[in-house]
Amino acid sequence: MPLFSQRAAGGLTVYNAVAMNLSKTARLLLAIASGAALALAFPLFHFSLLGWIAPAMLIVAVLGATPRLALLLGLLQGLVFYGFSVPWFYTVMRQYGPLPVAQAGGVFLLVVLVLSLFHAVFGLGVAWLGRGGAARACLAAPFLWVAMEFGITHMPDIGFPWNLLGYVAAGNLAFVQMTAITGIFGLSLVVAGYNAMAVWALMQFRDRKLGGVKLWIGATAALIVIGLAGPRFVPQTVGDHVAHLVQTNFPVSNGYPVNWMTVHAGEMDQLEQISIGAAQKIPGIVVWPEVPAPFSLQDANFLVRAQRIARGAGNGFLVGVIDWKPLPDGKIGASNSAALLDSAGAENFLYDKIHLVPFSEYVPWRSYLGFAGSITSLIGDFQHGSQYKVGRMAGEPFSVFICYEAIFPNEVRRFTLAGADVLINISDDGWFGGSGAPEQHLAMARVRAVENRRWLLRDTNDGITVSVDPYGRIAAQLAPDIRGELDAPYGFRTDLTPYARWGDWLPWLCALAALVLLLFGTRKGFARDDK
């Protein structure tokens, strides 16, 4: 039986030789199941093993499909995946924008649709290469998947590398060590490769060949051994410093009255006592999260309190603030920032958030979106920072990145390259409500520690506040939804991992490999069609 055949039927070309004999309905159901299974692999569901089979369902669905159907199948898988794994996106827009139902839904659908288009292209690529045989399609599928994720990461304005495939494996302490060399994309390649191998083994089994099945069984056994035995070989490390991560636990609000500081004076006094008391008991820097309230050092009342905390703590006070700056047009612009006050209460470091959250902290494409003006008036408009800054705490270099920036591996590594020996991530995850987003966010931030072999101190408004060691272990954690303080161990490291040095070398190679395989497949397809 030839690996490739085509027949004309009513003017349509049907590619049929490399796939199972699946009806269109069966293919559609497989695509839906693939998207649902992939969503279930992430928090709140935590069925991470489903990530090791979910892409395989899509590959089976598109093999042998027409180009138009393959596009539809990939798009459908993406819509289901993002619809079930990031529904909090709509909640944030609707409840805290606050945007009207139609506008919040429109923004959510726009983002989901754009992301799903990448899955559609993946489906088309696998189906196209499948014309030359299942083996070729399965060989290319892992490279196509990583190239797809790389494209999602680097989309202008709305890049959104949330819940990449590699994170389903990153929870394992042995597997995640690979990211120090390859970044998270290396784990995506491994998981996608396993899925493709499973499909190839299935096709071989269908043809009564056992070579692929034996290889798949061997790979499965190796992964199980590494996953179970590998963590015990991961080096242990102990922090020799302590930071005091304060979880402020303020409710998220759409606006703040001018008398907010007066109304909440008792709570602010409590936080001040918690901060100073912890630092006097065990010397160390005090950290407050991404601004959960109208905190600004340009506000005289807050400045006095912040200076008092810095002096009382004695080892520095890092706090999320809104920083107001004059703009070139003469107006005043706001930045989402982190400021460090020294033991004398003087500001000696200020970082302005570089990668802002689209449709939340600023509005992209406003000239193309008819409702952009109303969105801006509702959610505000922050200014982008531009510098990957390094400050000093305990006499050593550190960097801080804010909230959403934690999901961009290549951007976080820039702080390490700039000289940071410890990383701090401040965030206000209260916007996510009771969804799985805080756990998803932590899972991604944790990998940044391993990629850079740096301690990561993560301080949030209402959880999840943790200290992560350079190998990805949670060294200390504070319970969510409480007001309190975490004595977070940490240390300083100066070594640079291959990923910190070279960045996204692997996804670039995957994109190149995918392009070569697609071009080769196109050339072969044209040559075949000419015969």
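Residues numbered from 1 in each chain as written. Predicted model: local features only at pLDDT ≥ 70, side-chain atom pairs only at ≥ 80, totals over all residues. Heavy atoms only, no water.

Peer 1: Quick question: what am I supposed to make of the overall build of the protein here?
Peer 2: Along its length, the protein carries 18 helices and 14 strands. Against the globule reference of 24 Å for 531 residues, the protein gives a C-alpha radius of gyration of 25 Å, in line with a compact fold. C-alpha extents for the protein along the principal axes are approximately 80 × 55 × 35 Å. For the protein, the residues scored as buried account for 56% of the 531 residues in total. Residue pairs in contact within the protein that sit at least 24 positions apart in sequence constitute 70% of those at least 6 positions apart. (Helix = DSSP H or I, 4+ residues; strand = E, 2+ residues; numbered from the N terminus. Rg over C-alpha atoms; globule rule 2.2 N^0.38 Å. Buried < 20%, exposed > 50% of the residue type's maximum accessible area, 1.4 Å probe, protein only. Contact = heavy atoms within 4.5 Å.)

Peer 1: Would you explain the pairing of strand S13 (residues 474–478) in this entry?
Peer 2: Every regular strand shows the same layout, with side chains that alternate between the two sheet faces. Pairing geometry for strand S12 (residues 465–468) and S13, over 4 bridges, is antiparallel. Bridge pairing in S13 places Val 468 opposite Ile 474. Taking the residues between adjacent antiparallel strands as the criterion, S12 and S13 are bridged by 5 residues, where Gly 472 takes a positive phi near 100 degrees. (Pairing = 2+ DSSP bridges.)

Peer 1: In this structure, what is going on with the sheet that holds S12? I would like to understand it.
Peer 2: A sheet is described by the order of its strands in space; here 6 strands give the open sequence S8-S9-S10-S11-S12-S13, paired in mixed fashion. Lying at the two open borders of the sheet, with one neighbouring strand each, are strand S8 (391–393) and S13. Geometrically, the sheet is characterised by an average inter-axis angle of 25 degrees between neighbouring strands, direction not taken into account. On the sheet, helix H15 (residues 409–417) packs against strand S9 (396–402) and strand S10 (423–427) and is oriented at approximately 160 degrees with respect to S9. Lying on the sheet, helix H16 (residues 437–452) is in contact with S10, strand S11 (456–460), S12 and S13; it crosses S11 at an angle near 160 degrees. (Axes fitted to C-alpha atoms, helices over the stretch in contact; angles between N-to-C directions.)

Peer 1: Can you help me understand the packing of aromatic side chains in this one?
Peer 2: Aromatic ring pairs are reported here in terms of the distance separating the ring centres and the angle at which the planes meet. Going through the model one piece at a time under the given rule, you end up with 30 aromatic pairs. Measuring from centroid to centroid gives 6.3 Å for Tyr 194 and Trp 216, while their planes differ by 35 degrees, and the two rings are tilted. Separated by 22 residues along the polypeptide, Tyr 194 in helix H9 (residues 184–206) and Trp 216 in helix H10 (residues 211–229) bring together distant segments of the chain. You can call Tyr 194 buried: its relative accessible area is 11%. (Phe/Tyr/Trp six-rings, centres within 6.5 Å; stacked < 30°, edge-to-face > 60°.)

Peer 1: What am I meant to see in the pattern of salt bridges here?
Peer 2: Where charged atoms of side chains with opposite charge meet at close range, the side chains can pair. Counted by the stated rule, this structure contains 12 salt bridges. In this structure, Asp 323 engages Lys 325 in a salt bridge whose closest nitrogen and oxygen atoms are separated by 2.5 Å. Lys 325 sits in the partly exposed class, given a relative accessible area of 24%. Between Arg 454 and Asp 495 there is a salt bridge; the shortest N-O distance is 3.8 Å. Highlighted residues: Arg 454 in the loop between H16 and S11 and Asp 495 in the loop between strand S14 (484–490) and helix H17 (498–502), separated in sequence by 41 residues. Taking relative accessible area as the criterion, Asp 495 reaches 32% and is therefore assigned partly exposed. (Salt bridge = Lys/Arg side-chain N within 4 Å of Asp/Glu carboxyl O.)

Peer 1: Where do I start with the sheet that holds strand S7 (residues 347–352) in this structure?
Peer 2: For sheets, the rule is that strands pair by backbone hydrogen bonds, running either parallel or antiparallel. Pairing in this open sheet of 6 strands is mixed, and the strands run S7-S6-S5-S4-S3-S14 from one edge to the other. In this open sheet, the two edge strands, each paired with only one partner strand, are S7 and S14. The pairing of strand S4 (residues 286–287) with strand S5 (residues 317–326) spans 2 bridges and is classified as parallel. In the strand pairing of S5, Val 286 is matched with Phe 317. The sheet strands contacting helix H13 (residues 300–313) are S4, S5 and strand S6 (332–341), and the helix crosses S5 at an angle near 150 degrees.

Peer 1: What am I meant to see in the packing of helix H6 (residues 134–153) against H9 here?
Peer 2: Helix packing geometry: the angle between the two helix axes and the distance between the axes. At a closest axis distance of 9 Å, the pairing of H6 and H9 adopts a crossing angle of 155 degrees. It follows that H6 is roughly antiparallel to H9 by the angle criterion. In this structure, H6 crosses over H9, and the sense of that crossing is right-handed. Between H6 and H9, the contacting residues are Ala 134, Ala 135, Cys 138, Ala 141, Pro 142, Phe 143, Trp 145, Val 146, Glu 149, Phe 150 and Thr 153 on the first element and Phe 185, Ser 188, Leu 189, Ala 192, Gly 193, Ala 196, Val 199, Trp 200 and Met 203 on the second. (Parallel < 35°, antiparallel > 145°, perpendicular 65-115°, else oblique. Left-handed = near helix turned anticlockwise from the far one by under 90°.)

Peer 1: Looking at this structure, how should I read a nonpolar patch on the surface?
Peer 2: Among the surface-exposed residues, Ile 181, Trp 502, Trp 505, Leu 509, Leu 512 and Val 516 lie close enough to one another that they form a single nonpolar patch of about 620 Å² accessible area. Per-element accounting of the nonpolar patch gives the leading share, 4 residues, to helix H18 (residues 505–530). Tracing the backbone through its elements, the reader meets Leu 509 in helix H18. You can call Leu 509 partly exposed: its relative accessible area is 49%. (Patch = residues over 30% accessible without salt bridge, like charges linked within 9 Å, V, L, I, M, F, W, Y side chains within 5 Å. Areas by Shrake-Rupley, 256 points an atom, 1.4 Å probe, with all protein chains shown as cover.)

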